[in-house]
Amino acid sequence: MTVDEFLSELTEALERDEPLALGQDLAESGEWDSLAVLSVVDLFEQIGAEADLGAIGEATTTDDLVALAGGALEG
Amino acid sequence: MSEGNGHALVIGASSGIGRAVAERLAPSMAVTAMARRLDRLRELEPLGIGAIQCDVADSAAIAPAVEQAVAERGKISALIYCAGVQKIKPVRLMKAPDLRELIAVNLEAPLILAGLFTSKRVTTEDAVFCAISSIAAARPEPGIVAYSASKAGLEAMIKALAREAAPRRAVAVSPGWLDTEMTQSHGAIYNEEFRERLGKTAPLGIATIEAVVDMILFLISPAARFVTGEVVRVDAGAAL
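Figured I'd write up the structure that's included with this text. (Residues numbered from 1 in each chain as written. Chains lettered and ligands numbered in written order. Predicted model: local features only at pLDDT ≥ 70, side-chain atom pairs only at ≥ 80, totals over all residues.)

**Here we look at the overall build of chain B**
Point 1. Per the secondary structure count, chain B includes eight helices and seven strands.
Point 2. Taking 240 residues into account, the globule formula puts the C-alpha radius of gyration at 18 Å, and chain B, at 17 Å, falls close to it.
Point 3. Judged by the C-alpha coordinates and their principal axes, chain B covers about 45 × 40 × 40 Å.
Point 4. Sorting the 240 residues of chain B into buried and exposed places 45% on the buried side. (Helix = DSSP H or I, 4+ residues; strand = E, 2+ residues; numbered from the N terminus. Rg over C-alpha atoms; globule rule 2.2 N^0.38 Å. Buried ≥ 20, exposed ≤ 12 C-beta atoms within 10 Å, placed from the backbone.)

**Some details on the packing of helix α3 (residues 59-73) of chain B against helix α4 (residues 96-117) of chain B**
Residues and elements named next belong to chain B.
Point 1. Contact geometry for α3 and α4: axes closest at 10 Å, N-to-C directions at 40°. Comparing the axis directions of α3 and α4 gives the class oblique. The element α3 and its partner α4 pack so that their crossing is right-handed. Along the contact surface, α3 presents Ser59, Ile62, Ala63 and Val66, while α4 presents Ala104, Glu108, Ala109, Ile112, Leu113 and Leu116.
Point 2. Its residues placed into classes, the contact of α3 with α4 shows eight nonpolar, one polar and one charged. (Axes fitted to C-alpha atoms, helices over the stretch in contact; angles between N-to-C directions. Parallel < 35°, antiparallel > 145°, perpendicular 65-115°, else oblique. Left-handed = near helix turned anticlockwise from the far one by under 90°. Contact = placed C-beta atoms within 7 Å. Nonpolar A, V, L, I, M, F, W, Y, C, P; charged D, E, K, R; others polar.)

**Focus: the packing of helix α1 (residues 16-25) of chain B against helix α8 (residues 209-219) of chain B**
Residues and elements named next belong to chain B.
Point 1. Running from amino to carboxyl end, α1 crosses α8 at an angle of 55°, the nearest separation of the two axes being 9 Å. Considering their axes alone, α1 and α8 lie oblique with respect to each other. In this structure, α1 crosses over α8, and the sense of that crossing is right-handed. Across from Gly16, Ile17, Ala20, Val21 and Arg24 in α1, the residues of α8 making contact are Ile209, Glu210, Val212, Val213, Ile216 and Leu217.
Point 2. In terms of residue class, the contact of α1 with α8 is built from eight nonpolar, one polar and two charged.

**Topic: α1(B)**
Along an α-helix, a turn takes 3.6 residues, which lines up residues three or four apart on a common side.
Residue and element names in this part refer to chain B.
Point 1. By the criterion of burial, α1 is predominantly enclosed, with eight of the ten residues buried.
Point 2. Among all positions of α1, only Gly16, Ile17, Gly18, Arg19, Ala20, Val21, Ala22 and Leu25 are buried.
Point 3. Buried residues along α1 sit in contact with β1 (7-11), β2 (30-35), β4 (76-81), β5 (123-132), α6 (181-184) and α8.

**Observations regarding the interface of chain A and chain B**
Point 1. Of the residues lining the interface, eleven residues belong to chain A; the matching set on chain B comes to eleven residues.
Point 2. Listing elements by their share of the side of chain A that touches chain B, those giving two or more residues are α2 (34-47) and α3 (53-58) of chain A.
Point 3. For the side of chain A that touches chain B, the residue count by class is six nonpolar, three polar and two charged.

**Let's talk about the environment of Asp64(A)**
All names here are of chain A.
Point 1. Mapping aspartate 64 onto the fold places it in helix α4 (residues 62-69).
Point 2. Exposure remark for aspartate 64: the 15 C-beta atoms within 10 Å place this residue in the partly exposed category.
Point 3. For the pair formed by aspartate 64 and leucine 22, sequence separation is 42 residues and the distance between their alpha carbons is 9.3 Å.

**Comments concerning the nonpolar core**
Point 1. Core analysis: the largest hydrophobic core is formed by 92 residues, its most contacted members being Val10(B), Ala33(B), Ile80(B) and Cys130(B).
Point 2. Aside from chain neighbours lying at most four places away, what touches Cys130(B) is Ala78(B), Ile80(B), Val171(B), Ala172(B), Val173(B), Ile216(B), Leu219(B) and Ile220(B). (Core = buried A, V, L, I, M, F, W, Y, C linked by C-beta atoms within 7 Å.)

**Considering α3(B)**
Residue and element names in this part refer to chain B.
Point 1. The end-to-end C-alpha separation of α3 is 22 Å, in line with the 21 Å expected for 15 residues at 1.5 Å each.
Point 2. Within α3, the full set of buried residues consists of Ile62, Ala65, Val66, Ala69 and Arg73. Taken around the axis of α3, the buried residues stretch over an arc of 100°, which confines them to a single face. In α3, the exposed positions angled more than 90 degrees off the buried face are occupied by Ala60, Pro64 and Ala71.
Point 3. Contacts from the buried residues of α3 go to β1, β2, β3 (50-53), β4 and α4. (Expected span 1.5 Å × (residues − 1). Arc of directions from axis to C-beta.)

**With respect to unusual backbone geometry**
Point 1. With omega at 10°, the peptide bond leading from Ala166(B) into Pro167(B) counts as cis.
Point 2. Although it is not a glycine, Glu15(A) adopts a positive phi angle of roughly 55°.
Point 3. Within the element layout of this structure, Glu15(A) appears in the loop between α1 (3-13) and α2.

**Let's talk about the environment of Ala152(B)**
Point 1. By secondary structure assignment, the location of Ala152(B) is in helix α5 (residues 145-165).
Point 2. Along the chain, Ala152(B) and Pro142(B) lie ten residues apart, while their C-alpha atoms are 15 Å from each other.

None of the figures reported here should be taken as evidence of function without further support.
Quick look at the structure:
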């Protein structure tokens with residue numbers, strides 16, 4: 001999965017009206033709460049990325065999530 | 001194995017509570033262990049425990065497996081249902097196959113077994129149906145809507161079964177969070193931080209599989225002969 005595909009999946013998982021982009025604040029234009037974090041945990045499981053609830057919950061930007069997804073993403 | 005003391009059928013016996021119950025009961029009564037993974041059950045055979053492969057998500061497989069258990073070890077005096085599926089995600093993200101599997105294992109299979117349990121061809125008159133529920137039935141959390149609903153349904157089933165199946169009894173144990181294979185499969189959520197927080201907030205810390213098994217053994221024993229339709233919480237006070 002590429003970073004762009006990941007951001008697209010993330011947009012869907014978080015039900016954002018506008019596509020998420022790199023460098024974006026997760027609390028911007030949408031909620032970044034415990035359910036949103038669980039949605040990202042589910043996405044990580046689907047793509048085979050390893051990161052726990054605490055690490056995902058501490059992310060503040062899309063860049064943080066891309067970094068956590070790490071080896072599961074191409075490039 | 002002591003068949004004179006009755007026959008316990010433990011479903012979901014390949015790991016966790018089910019396996020521990022089967023191991024504890026084996027010295028005192030005939031035990032049949034049932035689960036999807038026969039290789040795991042084979043490990044119990046040196047204890048004299050019978051092993052029957054059955055995936056309870058396949059509803060058609062349940063009755064033949066129970067009939068086999070009765071044919072091999074006699075009528076069932078304790079049916080202990082420990083199989084369970086947990087999926088943690090916002091209910092918006094639960095797909096239909098996820099929901100079907102969860103309901104099939106957590107609710108449909110116990111209902112099928114309840115029907116078999118009430119048959120005099122399958123169980124003794126003093127038989128006990130003991131199901132493993134969860135505090136999620138009464139104290140649900142975000143991310144486990146379907147799981148909580150299935151366990152609430154299971155608890156309602158136990159109460160209704162207690163009325164319909166008498167003099168047979170129906171009871172349930174409702175554990176709090178336990179360190180089992182099922183919860184370990186959600187390592188991203190039930191991480192060390194979660195365990196530390198729960199250990200500090202619950203009055204008695206984190207309950208153990210052994211404590212849950214102790215309660216099951218009490219509930220299926222003659223000491224609990226006037227206890228039916230009850231759901232007993234074993235959660236170290238976490239739900240308080």
